[in-house]
Amino acid sequence: MASDTTAEGSSLVFHPMDQFIVKPLFGDGAVGMFTITNVTLWLALAIVAVIALLVLPTSKRAIVPGRGQSIAELTYGFIYKMVEDVCGKDGIKFFPYIMTLFMFIVSANFLGLLPMSFTTTSHFAVTAVLALAVFLTVTVLGFVINGAGFLGLFWVSSAPLALRPILAVIELISYFVRPVSHSIRLAGNVMAGHAVIKVFAGFAAITVISPVSVLAITAMYGLEILVAFIQAYVFTILTCVYLKDALHPSH
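**Q** What am I meant to see in the environment of Leu153 here?
**A** Mapped onto the elements, Leu153 comes out in the loop between α4 (124-146) and α5 (164-203). By relative accessible area, Leu153 is classed as buried at 7%. Placed 18 residues apart in sequence, Leu153 and Glu171 show a C-alpha to C-alpha distance of 8.0 Å.

If you want it as structure tokens, here you go:
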């Protein structure tokens, strides 16, 4: 996240959003559908990171776990407990998908905090695909398991009869808004934090306030480390909540 700053008299010019520009990895041409970009590279590195964190340390399955295996087992237990608590025993069969989702997002978030890296989860194109995958999976699963009974998710039987049609419309709208809010929450929080760090980095070029700017960058960076984990957790637990609706749709 290097800062692009220039000083001209009393003016300071920097572009905090330039760090989110998608660029070809090779050459300077236009970005097409099959162009290998910086997004492609860092998405691939996120996958490599997941393999390095989960697959390689647990390949030997030592009785006395090493550091890497301990981290993998703790992560496994953390997500397993989340799925079991939110979705119930019926949701355990979907644990591999949810575990993969969490590890991919948290790996992409933390890789984006490295200097000169690219934060893939700051792009709605990435988070929207993840959110749509969850939305379509949950919707299809709901109809496959419950049939027409899945529509009971939108019918609030505990409400007065006169209000039920109105509430059904509200529930239906809120259901289709899910992938939008699901994706914007992740991308918006990640993008905002990185943009703020870039702004503080730009002010670091001014000698008078550079110490304050460095302290602000340090504080924001610490906050972003926390946000990287929290946003992955929020995305995953919301997935569990949506899955629970598909497994048990009646109000």
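**Q** What exactly am I supposed to notice about α4 here?
**A** Residues that lie three or four places apart on an α-helix share one face, since the helix turns once every 3.6 residues. End to end, α4 covers 32 Å across 23 residues, agreeing with the expected 33 Å (1.5 Å per residue, within 8%). For α4, the set of buried residues is Val126, Thr127, Leu130, Ala131, Val134, Phe135, Val138, Thr139, Leu141 and Gly142. The inward-facing, buried residues of α4 contact α1 (38-55), α3 (95-111), α5 and α6 (210-247).

**Q** Looking at this model, I keep getting lost on the nonpolar core. Mind explaining?
**A** Where a protein is soluble and globular, its nonpolar side chains tend to be buried together. In this structure, Ile79, Val83, Ile105 and Phe235 are the most contacted members of the largest nonpolar core, which totals 47 residues. Going through the elements one at a time, α1, α2 (67-87), α3, α4, α5 and α6 are the ones with two or more residues in this core. Sorting elements by how many residues they give to this core places α3 first, with 11 residues.

**Q** I would appreciate a short explanation of the pattern of salt bridges in the present structure.
**A** Side chains that differ in sign of charge can pair as their charged atoms come close. This structure, assessed with the given rule, holds three salt bridges. One salt bridge in this structure joins Asp85 and Lys81, with 2.9 Å as the shortest N-O distance. Here the residue Asp85 and the residue Lys81 both occupy positions in helix α2, the gap between them amounting to four residues, near one helical turn. On the basis of relative accessible area, Asp85 is assigned to the exposed category, the value being 51%. One salt bridge connects Lys89 with Glu84, and the closest N-O pair in it is separated by 2.4 Å.

**Q** Can you help me understand the packing of α4 against α5 in this one?
**A** When two helices pack together, their arrangement is given by the angle between the helix axes and by the axis-to-axis distance. Packing of α4 against α5 brings their axes to within 8 Å, and their N-to-C directions diverge by 145°. The two elements α4 and α5 meet at a crossing, and its hand is right-handed. Contact with α4, carried on its side by Phe124, Thr127, Ala128, Ala131, Leu132, Val134, Phe135, Val138 and Thr139, involves Tyr175, Phe176, Pro179, His182, Ser183, Ile184, Leu186, Ala187 and Gly188 of α5 and no other residues of that element. Here the contact of α4 with α5 is built from residues that sort into 13 nonpolar, five polar and no charged.

What counts, and where the lines are drawn
Residues numbered from 1 in each chain as written. Predicted model: local features only at pLDDT ≥ 70, side-chain atom pairs only at ≥ 80, totals over all residues. Heavy atoms only, no water. Helix = DSSP H or I, 4+ residues; strand = E, 2+ residues; numbered from the N terminus. Buried < 20%, exposed > 50% of the residue type's maximum accessible area, 1.4 Å probe, protein only. Expected span 1.5 Å × (residues − 1). Contact = heavy atoms within 4.5 Å. Core = buried A, V, L, I, M, F, W, Y, C linked by side-chain atoms within 4.5 Å. Salt bridge = Lys/Arg side-chain N within 4 Å of Asp/Glu carboxyl O. Axes fitted to C-alpha atoms, helices over the stretch in contact; angles between N-to-C directions. Left-handed = near helix turned anticlockwise from the far one by under 90°. Nonpolar A, V, L, I, M, F, W, Y, C, P; charged D, E, K, R; others polar.

Geometry only, nothing functional implied.
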